[in-house]
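Geometric and topological summary
Below, each chain spelled out in residue letters.
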Amino acid sequence: MKTVFILGSTVDKEFTQKMVDGLTKWGVETEVIVASAHKVPRKVADIVEGYNKVEDVVFVGVAGRSNALSGVIAANSLHPVFACPPFQDKVDMMVNLNSSLMMPGDTPVMTVIDPANLILAVVKIFAEKNADLRAKVWARIEEIRKSFD
């Protein structure tokens, strides 16, 4: 189980660290790589190609403005791909969200804006094949249910 974060810029490292920390708490291994789809597309392609030979991987593209990164990953990956665009304010969020949602055909990117929801979505994917992780997810669901009693 490994989540590979590909960031469009080093500026996105602080935003990504929250997700890395959250996944680590769930016992999911992570890797963070900076590789812009616009500036070093061959590097992005090489990274994805390498991980196509590995099982149990989820990619997360972290890029703002014009999010070609998540689309390039998804178009070339055998694995699930999420986009979790960083943003500074509501205007920035709308620009980043729209560029993450507007993907061409045959480019399946799941866009999640809340890093906490991204963490749980990734964990649930891995829980499909991991009974221990599935039990932890179920325990978390029960904990949330009980908080409403």
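Notes on the sheet that holds strand E5 (residues 110-111)
Spatial strand order, E2-E1-E3-E4-E5: five strands in an open sheet with parallel pairing. At either end of the open sheet lies a strand with only one pairing partner, and these are strand E2 (29-34) and E5. As paired elements, strand E4 (residues 81-83) and E5 share two bridges and run parallel to each other. Within E5, the position partnered with Phe82 by the bridge is Met110. Here helix H5 (residues 115-127) sits on the sheet in contact with strand E1 (2-7), strand E3 (57-62) and E4, set at roughly 160° to E3.

Considering unusual backbone geometry
Look at Asp56: it is not a glycine, yet its phi comes out positive at around 55°. Relative to the assigned elements, Asp56 resides in the loop between helix H2 (41-51) and E3. When its relative accessible area of 31% is taken as the criterion, Asp56 is described as partly exposed. At Asp106, a position not held by glycine, the phi torsion is positive, near 60°.

Topic: the environment of Glu55
By the element assignment, Glu55 lies in the loop between H2 and E3. If we skip the residues at most four places from it in the chain, Glu55 touches His79 and Lys129.

Some points on the packing of aromatic side chains
Per the stated rule, a full pass over the model turns up one aromatic pair. Ring geometry for Tyr51 versus Phe59: centroids 5.9 Å apart, planes at 90°, classification edge-to-face. No difference in accessibility class separates Tyr51 from Phe59, as the two residues are buried.

So, how was this worked out
- Residues numbered from 1 in each chain as written.
- Predicted model: local features only at pLDDT ≥ 70, side-chain atom pairs only at ≥ 80, totals over all residues.
- Heavy atoms only, no water.
- Pairing = 2+ DSSP bridges.
- Helix = DSSP H or I, 4+ residues; strand = E, 2+ residues; numbered from the N terminus.
- Contact = heavy atoms within 4.5 Å.
- Axes fitted to C-alpha atoms, helices over the stretch in contact; angles between N-to-C directions.
- Buried < 20%, exposed > 50% of the residue type's maximum accessible area, 1.4 Å probe, protein only.
- Phe/Tyr/Trp six-rings, centres within 6.5 Å; stacked < 30°, edge-to-face > 60°.

The values reported here are purely geometric and, on their own, carry no functional implication.
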